[in-house]
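Residues per chain, in single letters:
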Amino acid sequence: MCDASGTLAGLASIALTLVLVAGVVAAVHLRRRRTAVEPGPKPPPFALNPAQQELRRRYAAGEIEREEFLQRKVDLEY
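Everything numeric in this text was worked out from a predicted model, so none of it was measured.

Participant: Can you lay out the overall build of the protein for me, pointing to particular residues and giving the numbers?
Facilitator: Per the secondary structure count, the protein includes three helices and zero strands. Starting at the N terminus and walking to the C terminus, you meet the elements of the protein as α-α-α. Within the protein, buried positions represent 5% of all 78 residues. Put simply, the protein shows about 7,300 Å² of open surface, and 63% of that area lies on carbon and sulfur atoms.

Participant: I'd love a proper account of a nonpolar patch on the surface, names of residues and values included.
Facilitator: Together, Leu8, Leu11, Ile14 and Leu18 make up an exposed nonpolar region whose accessible area comes to about 440 Å². Within the secondary structure layout, leucine 11 lies in helix α1 (residues 4-35).

Participant: Describe the side chain of glutamine 52, listing the residues and the values that go with them.
Facilitator: Structurally, the position occupied by glutamine 52 is in helix α2 (residues 50-60). Excluding anything up to four places from it in sequence, glutamine 52 contacts Leu76 and Glu77.

Participant: For the packing of α2 against helix α3 (residues 66-77), give the residues involved together with the corresponding values.
Facilitator: In the contact formed by α2 and α3, the axes pass within 10 Å of each other and the chain directions differ by 175 degrees. On the basis of the axis angle, α2 is roughly antiparallel to α3. Between α2 and α3, the residues in contact are Ala51, Gln52, Leu55, Arg56, Arg58 and Tyr59 and Arg66, Phe69, Arg72, Lys73, Leu76 and Glu77, respectively. A breakdown of the residues in the contact of α2 with α3 according to their chemical character gives five nonpolar, one polar and six charged.

Participant: Quick rundown of the pattern of salt bridges? Include the residues and the values.
Facilitator: Per the stated rule, a full pass over the model turns up five salt bridges. The partner of arginine 57 in a salt bridge is glutamate 54, with the nearest N and O atoms 2.7 Å apart. Placement of both arginine 57 and glutamate 54 in helix α2 is noted, with a separation of three residues, approximately one turn of the helix. Residue glutamate 77 pairs with lysine 73 through a salt bridge whose shortest N-O separation is 3.9 Å. Of this pair, glutamate 77 and lysine 73 both sit in helix α3, four residues apart, which is roughly one turn of that helix. We classify glutamate 77 as partly exposed; its relative accessible area is 44%. Using a relative accessible area of 33% as the deciding quantity, one classes lysine 73 as partly exposed. Each of Glu54, Arg57, Arg58 and Glu63 takes part in a single network of salt bridges with overlapping partners.

Rules and cut-offs
- Residues numbered from 1 in each chain as written.
- Predicted model: local features only at pLDDT ≥ 70, side-chain atom pairs only at ≥ 80, totals over all residues.
- Heavy atoms only, no water.
- Helix = DSSP H or I, 4+ residues; strand = E, 2+ residues; numbered from the N terminus.
- Buried < 20%, exposed > 50% of the residue type's maximum accessible area, 1.4 Å probe, protein only.
- Areas by Shrake-Rupley, 256 points an atom, 1.4 Å probe, with all protein chains shown as cover.
- Patch = residues over 30% accessible without salt bridge, like charges linked within 9 Å, V, L, I, M, F, W, Y side chains within 5 Å.
- Salt bridge = Lys/Arg side-chain N within 4 Å of Asp/Glu carboxyl O.
- Contact = heavy atoms within 4.5 Å.
- Axes fitted to C-alpha atoms, helices over the stretch in contact; angles between N-to-C directions.
- Parallel < 35°, antiparallel > 145°, perpendicular 65-115°, else oblique.
- Nonpolar A, V, L, I, M, F, W, Y, C, P; charged D, E, K, R; others polar.

Fair warning: the whole summary comes from geometry, so function is off the table for now.
Here it is, written out as structure tokens:
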């Protein structure tokens, strides 16, 4: 028959191994999170030319109406 103390020792050994493995995994994960480069703001897919920037500024400031903004935007795209 199996000795009860032998079974407990075996289970304790397995539990200790699992705890150590979990600790190593957690340490690696934390290390990666700390050294990861934070992504900055994404650049626009394309740069607006100065005329487009001014058009957007005027629309945002309420200097021109939506219809005028859309028409001028189309005009500047071609």
